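# What the coordinates show
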Amino acid sequence: MEVVLKSWTRYFAGFACGALSIFAATHYAKDFQLFMPSEYKTLKRIVNRLATKNDLGNERITFTIAAGTRTSWMAEELNLCKSDECSFYTNLNPFKPYRGKSSQEINEAIRQSYLLNGIEAWAWSHGVIYFSRSTFSAYDGKDDYFACTIGHELTHVFNHDHFKGSLQEAREGKNMKEDKRELLKQSISREIESNADINSVKMTINIGLPRDTCLKGYEFIARHEGIGEETKEDSSHPGYEDRRDAISEFLNTYKHNPSGSELTGTKGKWKYNRKLNMLTFTPFAIK
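Below is a summary of the structure that appears in this document. Values in this document were obtained by computation on a predicted structure and should not be read as measured data.

Turning our eyes to something else, we now look at unusual backbone geometry. Phi at S102 is positive, roughly 60°, even though this residue is not glycine. Here S102 is to be found in the loop between α4 (87-90) and α5 (103-116). Positive phi, close to 55°, is recorded for N277, a residue that is not glycine. Following the sequence through the fold, N277 ends up in the loop between β4 (268-273) and β5 (278-283). Among the residues examined, N277 registers a relative accessible area of 6% and is labelled buried.

Tracing the backbone shows V128 in strand β3 (residues 128-132). A sequence separation of 66 residues divides V128 from T62, and the C-alpha atoms of the two residues are 4.7 Å apart. With sequence-adjacent residues up to four places away left out, V128 is seen in contact with T62, T64, W122 and A123.

Another aspect to go through is the side chain of N54. Within the secondary structure, N54 sits in the loop between α2 (38-51) and β1 (61-66). Engagement of the side chain of N54 in a polar contact is seen with the backbone oxygen of L50, the distance being 2.9 Å. Once residues within four sequence positions are removed from consideration, N54 is found in contact with M203, N206, I207, T264, G265 and T266.

The next thing to look at is the state of the cysteines. Under the defined criterion, the tally for this structure stands at 2 disulfides. Paired through a disulfide, C81 and C86 show a sulfur-sulfur distance of 1.9 Å. Disulfide C81-C86: torsion about the S-S bond near 110°, hence right-handed. Per residue, the accessibility class of C81 equals that of C86, and both read buried. Covalent S-S linkage joins C148 and C214, the inter-sulfur distance amounting to 2.1 Å.

Turning our attention to the pattern of salt bridges. Throughout the structure, instances matching the rule amount to 9 salt bridges. The salt bridge partner of D144 is R49, with a shortest N-O separation of 3.3 Å. With D144 in helix α7 (residues 143-158) and R49 in helix α2, this pair connects stretches of sequence that are 95 residues apart. Residue classification places D144 among the partly exposed positions, given a relative accessible area of 29%. Its relative accessible area of 38% is what places R49 among the partly exposed residues. Between R181 and E169 there is a salt bridge, with its nearest N and O atoms 3.0 Å apart. Pair noted here: R181 is in helix α9 (residues 178-206) and E169 is in helix α8 (residues 161-172), with a separation of 12 residues, a long-range link. You can call R181 partly exposed: its relative accessible area is 26%. Overall, the relative accessible area of 15% leaves E169 in the buried class.

Here is what the cut-offs are and how they apply
Residues numbered from 1 in each chain as written. Predicted model: local features only at pLDDT ≥ 70, side-chain atom pairs only at ≥ 80, totals over all residues. Heavy atoms only, no water. Helix = DSSP H or I, 4+ residues; strand = E, 2+ residues; numbered from the N terminus. Buried < 20%, exposed > 50% of the residue type's maximum accessible area, 1.4 Å probe, protein only. Contact = heavy atoms within 4.5 Å. Polar contact = N/O pair within 3.5 Å; in protein donor to acceptor, adjacent residues only side chain to side chain. Disulfide = S-S within 2.5 Å. Salt bridge = Lys/Arg side-chain N within 4 Å of Asp/Glu carboxyl O.

As structure tokens, then:
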């Protein structure tokens with residue numbers, strides 16, 4: 001009997017260890033880049049390409065893919081939130097189904113946002129770059145155009161545009177009335193956005209893409225999103241024709257054709273976190 005008990009004890013111990021090993025492997029495999037959504041794989045591929053011939057700075061950059069602003073609009077229509085309290089829904093993780101109260105409406109709002117949201121990207125001052133999931137659908141098969149948008153947002157991060165814009169506004173608008181200062185703020189924003197456009201052009205030329213890639217990419221965005229408005233005093237971005245003309249004018253005057261030997265690339269490592277829905281690029285310069 002003692003022999004039998006020892007045998008069963010070893011059996012159950014082995015079974016338990018095996019089960020724990022499988023659980024641990026399954027748990028950690030969720031964060032393997034091999035198993036991350038295809039949208040994150042696309043991001044990694046394009047950023048790696050830009051990094052071969054461009055200096056992306058020495059600060060950690062985090063990418064996240066979310067549901068999109070239309071999700072918050074639909075949440076408001078469904079009375080899930082008040083108009084000024086709906087940004088939570090914009091940032092929902094679109095890669096997982098939601099359960100519980102109002103889950104059916106939330107999941108449907110995410111589905112509709114994926115179909116209707118279009119191209120949406122922005123950068124936060126602390127190094128987080130956001131894309132709606134629908135952006136990847138819009139750019140499907142158009143990696144070169146997408147590289148321009150990614151380069152634009154990367155520029156905001158490594159150039160510290162949010163800080164520089166805020167500082168410029170503080171210095172120039174110190175004694176202005178509120179309405180005048182708001183117009184100054186938007187004027188500074190337009191200049192920053194135009195500069196990010198130009199830098200994205202340089203970045204794509206550096207990796208060997210045709211010189212007019214970003215000009216064609218911007219035309220694609222404008223037509224895809226139906227944006228043909230003019231520049232207004234309170235516009236945060238240049239209007240369609242001004243933005244297009246600025247890129248064209250730069251291309252007409254930019255004669256630099258850099259060789260590989262004079263370009264500085266950025267090497268780093270990637271880490272995917274499924275639970276936090278983010279993909280992080282850390283330059284090797286960070287200790």
